[in-house]
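Per-entry structural report
Single-letter residue listing:
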Amino acid sequence: MSEASTGAPPPAPSRSLRTAGIAAAVIAVGVVGAGIATRAHRDGKLADWTAAQSTPTVAVIRPKPAEATGALTLPATLQALNSAPIFARTSGYVRKWYVDIGDPVRAGQTLAVLDAPEIDQQLVAARADLETARANQQLAASTATRWRNMLAKDAVSKQETDEKVGDLAAKTAVANAARANVARLTYTQGFTRLLAPFGGVVTSRSTEIGALVTAGTAASTPLFTVSDVRRMRAYIRVPQNYSAQIHAGMHVALTLPEYPGRTFDATLTRSAGAVDPSSGTVLVQVEAPNPDHALKPGAYAQASFPVAGASGAVALPASALIVGESGTQVALAGSDGKAHLRTIRIGQDHGNTVDVSAGVTVADRVIDNPPDSLADGDPIRVQNGQGAR
């Protein structure tokens, strides 16, 4: 009898189908595992690439011994030997000014005149008060004299006489105060004429006719500036390494860009005699005669000192310097593959190059054009072929 005629169920799945399913599952697990492994490998390569990119590749240079030029050239700013801003000592309006910029003036010459009507009226009132005080004083004096005479004849009491004498003393004090007030206002009225304190040249004027001048306030500005330009001076900061060769009386050559090929002889007159710890320099003053007024206040100049070069100084390009809150530094490439920042002291600035008097030696490897974000201890990679430079 056949299975169809008997109604029996179909036979169970064969063993081959079960084997195929297991194989498919194993293959799927393998594909997933391979994908995970590939992704992990790619992540590792990305992390290595990122780490490699975060390590900057730098170029290193060796400092060279600085050339001995036989002269130390430093920047200087010229100043007049005497310079005075002229302020108004009393408030008023400018009636007239007599000098302008570039005009020569002599000591005591009138520069401008102010109108101060308030001071004038106060002086008139003060003089009237003085006349009243003098009249009262004279009356008190004659009264005190009469009472003294009557006291000698026992015509009045001593108490009354003392009162008259005391009234005279009080009136005398009032008269003295009134006299002093008149003198003060007279002196103040004299300030309406602005005078030159010394002979020189007017280098600034900041007033016009009719302008209101307010004295004694923080916003007050000088009406004129008078400068004595017969002699000029300049303050110069000399590096400590050269300070032992600097002395009063030595001659210093000044050069200015507007006078190419011309030098001005100056004399070192003063030295601070102390090293500024923030800059490592000694402040000195030089003075130069200026008969033709070629030297101008505020002008930039270069001062050349006849000194020998500083021993041990090295030359570096300006591109290797790092200027920040810690001062002027350079970055050194260490043998440990890291950058090390070191503070230096500049002895002389030549523009494209600088002479470093302390901080580095010719044996150091200095990083040229260091990245702005480079910090002490950061890993670095030296360019190929420079490891032994």
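Nothing here was measured: the structure is a model prediction, and the numbers come from that model.

Thresholds applied
Residues numbered from 1 in each chain as written. Predicted model: local features only at pLDDT ≥ 70, side-chain atom pairs only at ≥ 80, totals over all residues. Heavy atoms only, no water. Pairing = 2+ DSSP bridges. Helix = DSSP H or I, 4+ residues; strand = E, 2+ residues; numbered from the N terminus. Salt bridge = Lys/Arg side-chain N within 4 Å of Asp/Glu carboxyl O. Buried < 20%, exposed > 50% of the residue type's maximum accessible area, 1.4 Å probe, protein only. Polar contact = N/O pair within 3.5 Å; in protein donor to acceptor, adjacent residues only side chain to side chain. Contact = heavy atoms within 4.5 Å. Phe/Tyr/Trp six-rings, centres within 6.5 Å; stacked < 30°, edge-to-face > 60°. Lys NZ or Arg CZ within 6 Å of the ring centre and 35° of its normal. Expected span 1.5 Å × (residues − 1). Axes fitted to C-alpha atoms, helices over the stretch in contact; angles between N-to-C directions. Parallel < 35°, antiparallel > 145°, perpendicular 65-115°, else oblique. Left-handed = near helix turned anticlockwise from the far one by under 90°. Nonpolar A, V, L, I, M, F, W, Y, C, P; charged D, E, K, R; others polar. Core = buried A, V, L, I, M, F, W, Y, C linked by side-chain atoms within 4.5 Å.

In this section: the sheet that holds strand β6 (residues 110-115). With antiparallel pairing, 4 strands are arranged side by side in an open sheet as β7-β6-β4-β9. Strands with a single pairing partner mark the edges of an open sheet, and in this sheet they are β7 (193-195) and β9 (212-213).

Moving on: the sheet that holds strand β2 (residues 64-65). Across the sheet, 4 strands lie side by side as β2-β15-β20-β19; this open sheet has antiparallel pairing. Whereas interior strands pair on both sides, the edge strands pair on one side only; in this sheet they are β2 and β19 (345-349). Pairing analysis gives 4 bridges linking β19 to strand β20 (residues 353-358), with the strands arranged antiparallel. Note on β20: the bridge partner recorded for Asp-349 is Val-354.

Before going further, it helps to examine the pattern of salt bridges. Throughout the structure, instances matching the rule amount to 11 salt bridges. The residue Asp-115 makes a salt bridge to Arg-95 at a minimum N-O spacing of 2.7 Å. One end of the pair, Asp-115, is in strand β6; the other, Arg-95, is in strand β4 (residues 92-97), and 20 residues separate them in sequence. Exposure remark for Asp-115: the relative accessible area of 30% places this residue in the partly exposed category. Looking at Arg-95, the relative accessible area reads 49%, which means it is partly exposed. Via salt bridges that share partners, Asp-100, Arg-205 and Glu-208 belong to a single interconnected network.

This part covers the pairing of strand β18 (residues 339-343). Where strand β17 (residues 327-333) lies against β18, 5 bridges are found, and the strand directions are antiparallel. Across the sheet, Gln-329 pairs through a bridge with Thr-343, a residue of β18. Between β17 and β18, which follow one another and run antiparallel, lie 5 residues, and Gly-337 among them has a positive phi close to 75°.

Take unusual backbone geometry next. Positioned with a positive phi, Asp-154 is a non-glycine residue whose angle comes to about 55°. Residue placement: Asp-154 occurs in the loop between α3 (117-152) and α4 (158-190). We classify Asp-154 as exposed; its relative accessible area is 70%. Positive phi outside glycine occurs at His-293, with the angle close to 60°.

Take the side chain of Thr-225 next. If you trace the backbone, Thr-225 turns up in strand β10 (residues 224-239). Separated by 2.7 Å, the side chains of Thr-225 and Ser-204 make a polar contact. Contact partners of Thr-225, with chain neighbours within four places excluded, come to Ser-83, Ala-84, Pro-85, Val-201, Val-202, Thr-203 and Ser-204.

As a further point, take the pairing of strand β14 (residues 300-305). Put simply, side chains in a regular strand alternate between the two faces of the sheet. Judged by which residues are buried, β14 turns out to be one-sided: Ala-301, Ala-303 and Phe-305 face inward and are buried, whereas Tyr-300, Gln-302 and Ser-304, on the alternate face, are not. Note that strand β3 (residues 72-86) and β14 share 6 bridges and pair antiparallel. Note on β14: the bridge partner recorded for Thr-73 is Ser-304. Pairing geometry for strand β11 (residues 251-255) and β14, over 3 bridges, is antiparallel. Note that in β14 the partner of Leu-254 across the bridge is Ala-303.

On to the packing of aromatic side chains. Under the counting rule described, the total for this entry stands at 2 aromatic pairs. With centroids separated by 5.1 Å and ring planes inclined at 70°, the aromatic side chains of Tyr-187 and Phe-191 adopt a geometry described as edge-to-face. An angle of 70° between the planes, with centres 5.8 Å apart, marks the rings of Tyr-259 and Phe-264 as edge-to-face. Tyr-259 sits in the partly exposed class, given a relative accessible area of 23%. We note Arg-205 situated over the ring of Trp-97; from NZ or CZ to the ring centre the distance is 4.0 Å.

A separate point is α4. Compared with an ideal rise of 1.5 Å per residue, which puts 33 residues at 48 Å, α4 spans 48 Å between its outermost C-alpha atoms and is within 8% of the ideal. When α4 is considered as a whole, its buried residues turn out to be Thr-161, Leu-168, Ala-175, Ala-178, Val-182, Leu-185 and Thr-188. Packing partners of the buried residues in α4 comprise α3.

Between its first and last C-alpha, α3 extends 53 Å over 36 residues, near the 52 Å set by a 1.5 Å rise per residue. Looking at α3, one finds that the buried residues are Ile-119, Leu-123, Ala-126, Leu-130, Ala-133, Ala-140, Thr-143, Ala-144 and Trp-147. In this fold, the buried residues of α3 make contact with α4. Two residues or fewer past α3, Asp-154 is found with a positive phi of approximately 55°.

For the pair α3 and α4, interaxial distance at closest approach is 7 Å and the crossing angle is 160°. Relative to α4, the element α3 lies roughly antiparallel. Crossing angle aside, the handedness with which α3 passes α4 is left-handed. In terms of residue class, the contact of α3 with α4 is made up of 17 nonpolar, 10 polar and 11 charged.

Here we take up the nonpolar core. Note that soluble globular proteins tend to have their nonpolar side chains buried in a common cluster. Counting residues in each nonpolar core, the largest one holds 31 residues, and the members touching the most others are Leu-78, Ile-236, Val-238, Ile-246, Val-284 and Phe-305. Of all the secondary structure elements, the ones that give two or more residues to this core are β3, β10, β11, β12 (264-276), β13 (281-289) and β14. Leave out the neighbours within four places in its chain, and Ile-236 touches Leu-74, Pro-75, Ala-76, Val-282, Leu-283, Val-284, Val-286, Ala-303 and Phe-305. Among the nonpolar cores identified, the runner-up in size contains 16 residues, and Val-99, Leu-111, Ala-196 and Leu-223 belong to it.

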